Amino acid sequence: MAKQMRCADVVPGCDYTAWAETEEELMELVVAHARTAHGIEEVTPEVAEKVQEAIQDV
Ligand SMILES: [Zn+2]
């Protein structure tokens, strides 16, 4: 089963959706997107937790 995460669940208004085969790959995509699109240089435990909650099986 693949994983997806809609950025809007963490950052309201963002239309980015990350999709990957594994949760590890997904987190890498999300971290890269957060850096380039939202200027988030460091993913804090709080942010990581929100991202984890937003991950869906697809
Ligand atoms: Zn975003």
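Preceding this section is the structure that the text describes.
Computed from a predicted structure; not experimentally measured. (Residues numbered from 1 in each chain as written. Predicted model: local features only at pLDDT ≥ 70, side-chain atom pairs only at ≥ 80, totals over all residues. Heavy atoms only, no water.)

Trainee: Explain the coordination of the zinc ion to me, please; I cannot follow it from the model alone.
Mentor: Where a metal carries four tetrahedral donors, each ideal angle is 109.5 degrees; where it carries six octahedral donors, the ideal angles are 90 or 180 degrees. Summarising the metal site, the zinc ion is bound by the protein donors C7 (SG), C14 (SG), H33 (NE2) and H38 (NE2), whose distances to it range over 2.0 to 2.3 Å. Around the zinc ion sit four donor atoms; with metal-centred angles ranging over 104 to 116°, the donor geometry is tetrahedral. Read from N- to C-terminus, the donor residues coordinating the zinc ion fall into the pattern C-x6-C-x18-H-x4-H. One end of the pair, C7, is in the loop between strand 1 (3–6) and strand 2 (17–20); the other, H33, is in helix 1 (residues 23–38), with 26 residues separating them in the sequence. Using a relative accessible area of 5% as the deciding quantity, one classes C7 as buried. (Donors = N, O, S within 2.8 Å, 3.2 Å for Na, K, Ca; no water. Tetrahedral: all angles 85-135°; square planar, octahedral: opposite > 155°, others 65-115°. Helix = DSSP H or I, 4+ residues; strand = E, 2+ residues; numbered from the N terminus. Buried < 20%, exposed > 50% of the residue type's maximum accessible area, 1.4 Å probe, protein only.)

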